[in-house]
Amino acid sequence: MTAQAFILIQTDNGKAGEVASAIRDMKGITLAEDVTGPYDVIVRAEADDVDELGKLVVANVQSIPGITRTLTCPVVHI
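Definitions and limits used
Residues numbered from 1 in each chain as written. Predicted model: local features only at pLDDT ≥ 70, side-chain atom pairs only at ≥ 80, totals over all residues. Heavy atoms only, no water. 1 Å grid on protein atoms, 1.4 Å probe; cavity = no way out; pocket = protein on both sides within 12 Å on 5 of 7 lines; lining within 4 Å. Points joined across faces, edges and corners; volume = space filled by probe spheres on them. Helix = DSSP H or I, 4+ residues; strand = E, 2+ residues; numbered from the N terminus. Nonpolar A, V, L, I, M, F, W, Y, C, P; charged D, E, K, R; others polar. Buried < 20%, exposed > 50% of the residue type's maximum accessible area, 1.4 Å probe, protein only. Contact = heavy atoms within 4.5 Å. Core = buried A, V, L, I, M, F, W, Y, C linked by side-chain atoms within 4.5 Å. UniProt positions renumbered as here; feature names shortened; annotations may be inferred. Polar contact = N/O pair within 3.5 Å; in protein donor to acceptor, adjacent residues only side chain to side chain.

You'll find the protein entered in an unreviewed UniProt entry as DNA-binding Lrp family transcriptional regulator, with Nocardioides marmoribigeumensis given as the organism.

## Topic: the layout of surface pockets
The space that makes up the largest pocket amounts to roughly 180 Å³. Along its surface, the largest pocket is lined by Lys27, Gly28, Glu46, Ala47, Asp48, Glu52, Leu56 and Asn60. For the lining of the largest pocket, the secondary-structure elements that each account for two or more residues are β3 (41-47) and α2 (50-61). For the lining of the largest pocket, the element with the most residues is α2, which contributes three residues. Partitioning the lining of the largest pocket into residue classes produces two nonpolar, two polar and four charged.

## What to know about the environment of isoleucine 67
For isoleucine 67, the location among the structural elements is in strand β4 (residues 67-74). Residue isoleucine 67 is classed as buried on the basis of its relative accessible area, which comes to 17%. For the pair isoleucine 67 and glutamine 4, spaced 63 residues apart in sequence, the C-alpha separation works out to 21 Å. Excluding residues that lie within four positions of it along the chain, isoleucine 67 makes contacts with Ile9, Gln10, Thr11, Val19, Ile23 and Val61.

## Things to note about the nonpolar core
Membership of the largest hydrophobic core comes to 21 residues, with the highest contact counts inside it found for Ile9, Ile23, Ile29, Val43 and Val61. At the level of elements, β1 (3-11), α1 (16-24), β2 (29-34), β3 and α2 are the ones that each hand at least two residues to this core. Residues within four places of valine 61 in sequence aside, it is in contact with Ile7, Ile9, Ile23, Met26, Ile29, Leu56 and Ile67.

## Here's the deal with the UniProt feature "domain: Transcription regulator AsnC/Lrp ligand binding" (unreviewed entry) in the protein
Under the present numbering, the feature "domain: Transcription regulator AsnC/Lrp ligand binding" (unreviewed entry) in UniProt falls on residues 7-76. Taken end to end, residues 7-76 has its terminal C-alpha atoms 14 Å apart, with 30% of it in helix and 37% in strand.

## Concerning the side chain of glutamine 4
Summarising the element assignment, glutamine 4 is placed in strand β1. A polar contact is formed between the side chain of glutamine 4 and the side chain of arginine 44, at a distance of 2.7 Å. If sequence neighbours within four positions are ignored, glutamine 4 has contacts with Arg44, Ala45, Glu46, Leu53, Pro74, Val75 and His77.

Structure below.
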């Protein structure tokens, strides 16, 4: 089963569009949109397992300049 998550991202002022664009083409990202509200970018990600999903977030997403905070929300099927 594929591990999926939504990543809620806060950015520096004026950086949401740049951050969403940088994330959009990454392997494992299925959606990246800049939005309004308490978070600036919402991303949907998927990987083969939860460890790979964590690596995607920590090594790739969080390393993008302009990101100040992320909150990863794993998708569960109850």
